Amino acid sequence: MQAGLEAIGVAVPDTYVELADLAMARGVAPGKYVEGLGVTRMGVPLVDEDTVTLASRAARMALESAGCSPEDVGLLVVGTETAVDHSKPVASYVQGLLGLSTRCRIFETKHACYGGTAALQLALDWVRSGSAKGRKALIVCSDIARYGVGTPGEPTQGAGAVAMLVSDTPALLALEAGKTGVYSKDVMDFWRPLYSKDALVDGHYSVQCYLDALEGAYRAYQEAAAEPVGEGAYSDRFAALVYHVPYGKMSRKAHRHLRTLDGDAAPDASFDRLVGNSLVLPSQVGNIYTGSMYLALASLLSTAPQDLTGQRVGLFSYGSGSCAEFFSGVVQAGAQERVKALGLEARLSRRRALSIPEYEDVMRAREHLDERPVADAAGSGFRYQGTRDHKRIYAT
Ligand code: HMG
């Protein structure tokens, strides 16, 4: 049975910070953030936005894009590492806001940036096993990436959600059964203690952990795929490669490493062809943790000028801590038109820039967001209004 992505939805905050402005405020050359890290803008949510509102907006877009009724969804999993409650899952709030059926299995997954991929693989197995009985899974990756103000991680923040409708009619991407390689290892590269709103990271070590995991997962994929030995670089079997994107330069480092493993003496030469289009949207949003690789996939499908129909795409998901997976899918006819119709680039261009003092005010205000008294909902769509009697209140 085929299984894969039938539709996708993306939500980002309405406001962002220009990385060049942030660099100047921190006394750093703008080139370090913009060219050195490969990030132009990072999404910064205001106080009426949280992991729930982003997830709900992305999920609604995915359902509307597929013309799917909430009754068709039999499994809803939200992958996140920035949840809003120690017990109640983000997925339950999303169920309520979207009006999903009471006959839907609902929960949350966590493994740093890998949590969404864990949920996706589970959904694919649910569909392939026949347990879905024609129903669809809604997998939502939603996060607000936050490091301390003034730390090296600060320019690699971001916020956003990507929702994927997973079914046996994968109109966008059919994921290849059995073609997946996993690598996991207990490392202390990035974490967020229970008492902290900010993530802590051993930055340069985390880059090395990512590259080690890429190597392990790529080798495991090659063994699992067990394809005949061919001429040239193994990764030329893919029309595009989509890496987890904590910042654009990380994808460049990843690609260089992967092509070196392939024995390519000029490992950067294939970067624009195989990776470039996947970075257009992430460079405008920053790291969105669980959703980062899926935003890169949406970027590839909405910006690639060539027809990818019938072509294979390689996907590499990395979550600190760590667990990583390399897997692949085949682009379906009409997929690029469907994703282009979401108008993602135009949506990003309609956001409002925050000055650095405004951004710093928002960061301070967000520290106490969980206890914020209920305020009137601002704007349209799903909004976090505040907390009353220890209960979060949302506007629809
Ligand atoms: P840093 O140490 O301040 O930066 O922080 P740097 O000194 O390494 O410089 C960065 C790049 O800018 C370098 O390029 C410089 O040469 C260049 P590279 O050598 O790497 O190619 N540069 C310039 N370029 C142009 N003009 C200039 C200039 N100056 C310097 N004037 C670091 C960098 C990534 C460590 C930091 O931002 C950080 O700690 N970020 C957070 C951690 C992170 O994103 N790690 C990625 C791998 S782990 C992962 O992906 C998992 C994660 O998503 C979490 C999860 O799983 O949940 C993070």
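Criteria and cut-off values
- Residues numbered from 1 in each chain as written.
- Predicted model: local features only at pLDDT ≥ 70, side-chain atom pairs only at ≥ 80, totals over all residues.
- Heavy atoms only, no water.
- UniProt positions renumbered as here; feature names shortened; annotations may be inferred.
- Helix = DSSP H or I, 4+ residues; strand = E, 2+ residues; numbered from the N terminus.
- Buried < 20%, exposed > 50% of the residue type's maximum accessible area, 1.4 Å probe, protein only.
- Contact = heavy atoms within 4.5 Å.
- Phe/Tyr/Trp six-rings, centres within 6.5 Å; stacked < 30°, edge-to-face > 60°.
- Pairing = 2+ DSSP bridges.
- Axes fitted to C-alpha atoms, helices over the stretch in contact; angles between N-to-C directions.
- Expected span 1.5 Å × (residues − 1).
- Polar contact = N/O pair within 3.5 Å; in protein donor to acceptor, adjacent residues only side chain to side chain.
- Core = buried A, V, L, I, M, F, W, Y, C linked by side-chain atoms within 4.5 Å.
- Near = heavy atom within 4 Å.
- Areas by Shrake-Rupley, 256 points an atom, 1.4 Å probe, with all protein chains shown as cover.
- Nonpolar A, V, L, I, M, F, W, Y, C, P; charged D, E, K, R; others polar.

As annotated in an unreviewed UniProt entry, the protein is Hydroxymethylglutaryl-CoA synthase from Corallococcus caeni. Under the Sequence similarities (unreviewed entry) heading, UniProt states for the protein: "Belongs to the thiolase-like superfamily. HMG-CoA synthase family."

**Q** How would you sum up the side chain of His255? Please name residues and give values.
**A** Relative to the helices and strands, His255 resides in helix H7 (residues 248-261). The class of His255 is buried, set by a relative accessible area of 0%. The residues touching His255, leaving out its near neighbours within four places in the chain, are Leu241, Tyr243, Pro267, Ser270, Phe271, Leu274 and Val275.

**Q** Any details on the packing of aromatic side chains? Residues and values, ideally.
**A** Across all of its chains, the model carries twelve aromatic pairs by this definition. Ring geometry for Tyr147 versus Phe190: centroids 6.0 Å apart, planes at 75 degrees, classification edge-to-face. Here Phe190 lies in strand E9 (residues 190-191) and Tyr147 lies in the loop between strand E6 (136-145) and strand E7 (158-167), a separation of 43 residues in the sequence. Centre to centre, the rings of Tyr218 and Tyr234 are 5.9 Å apart; their planes meet at 80 degrees, and the pair counts as edge-to-face. Pair noted here: Tyr218 is in helix H6 (residues 203-225) and Tyr234 is in the loop between H6 and strand E11 (240-243), with a separation of 16 residues, a long-range link.

**Q** Account for the sheet that holds strand E13 (residues 323-331), naming residues and giving values.
**A** In spatial order, the strands read E5-E4-E6-E7-E1-E8-E13-E12-E11; together these nine strands make up an open sheet with mixed pairing. Edge strands, defined here as strands with exactly one partner in the open sheet, are strand E5 (105-109) and E11. Averaged over all pairs of adjacent strands, the angle between their axes in this sheet comes to 25 degrees, without regard to strand direction. One ladder, built from five bridges, connects strand E4 (residues 73-79) with E5; its direction is parallel. Within E5, the position partnered with Gly79 by the bridge is Thr109. Taken strand by strand, H7 contacts E11 and E13, and its axis lies near 125 degrees from that of E11.

**Q** Can you lay out the environment of Leu5 for me, pointing to particular residues and giving the numbers?
**A** You can see Leu5 is positioned in strand E1 (residues 4-11). C-alpha of Leu5 to C-alpha of Glu35: the two residues are 30 residues apart in sequence and 33 Å apart in space. Those residues in contact with Leu5, other than ones at most four positions away along the chain, are Leu120, Met164, Leu165, Val166, Pro170, Ala171, Leu172, Leu173, Leu175 and Leu297.

**Q** I'd like a rundown of the sheet that holds strand E2 (residues 15-18), residues and numbers included.
**A** With respect to topology, three strands assemble into an open sheet ordered E3-E2-E14, the strand pairing being mixed. Of all strands in the sheet, those bounded by a partner on one side alone are strand E3 (41-43) and strand E14 (352-353). As paired elements, E2 and E14 share two bridges and run parallel to each other. Of the residues in E14, the one forming a bridge with Tyr16 is Ala353.

**Q** Tell me about helix H3 (residues 51-66), and name the residues and values.
**A** Across its 16 residues, H3 extends 23 Å between first and last C-alpha, which sits within 8% of the 22 Å expected from 1.5 Å per residue. Burial runs high along H3: twelve of the 16 residues are buried. Of the positions making up H3, those classed as buried are Thr51, Val52, Thr53, Leu54, Ala55, Ser56, Arg57, Ala58, Ala59, Met61, Ala62 and Leu63. You can read the cap of H3 off the contacts: a side-chain oxygen lies 2.9 Å from the backbone nitrogen of Val52, and it is on Asp50. The first or second residue beyond H3 is Gly67, which carries a positive phi of 65 degrees.

**Q** Explain the nonpolar core residue by residue, including any values.
**A** Ranked by internal contacts, the top residues of the largest apolar core, which has 91 residues, are Val166, Phe316 and Phe326. It is H6 that provides the largest number of residues to this core, a total of ten residues. With residues up to four places along the chain from it excluded, the contact list for Val166 reads Gly4, Leu5, Leu120, Ala123, Leu124, Val127, Lys136, Ala137 and Ile139. Grouped together as the second largest cluster of nonpolar side chains are 34 residues, Ala55, Val90, Val140 and Ala161 included.

**Q** I'd like a description of the site of the ligand, backed by residues and values.
**A** Taken together, 27 residues form the shell around the ligand, and within it Glu81, Cys113, His204, Lys249 and Lys253 come nearest. Protein contact buries 74% of the 1100 Å² of open area that the ligand shows by itself. Looking at which element gives the most residues to the shell around the ligand, the answer is H6, with four residues. Within the shell around the ligand, the residues separate by chemical class into twelve nonpolar, eleven polar and four charged.

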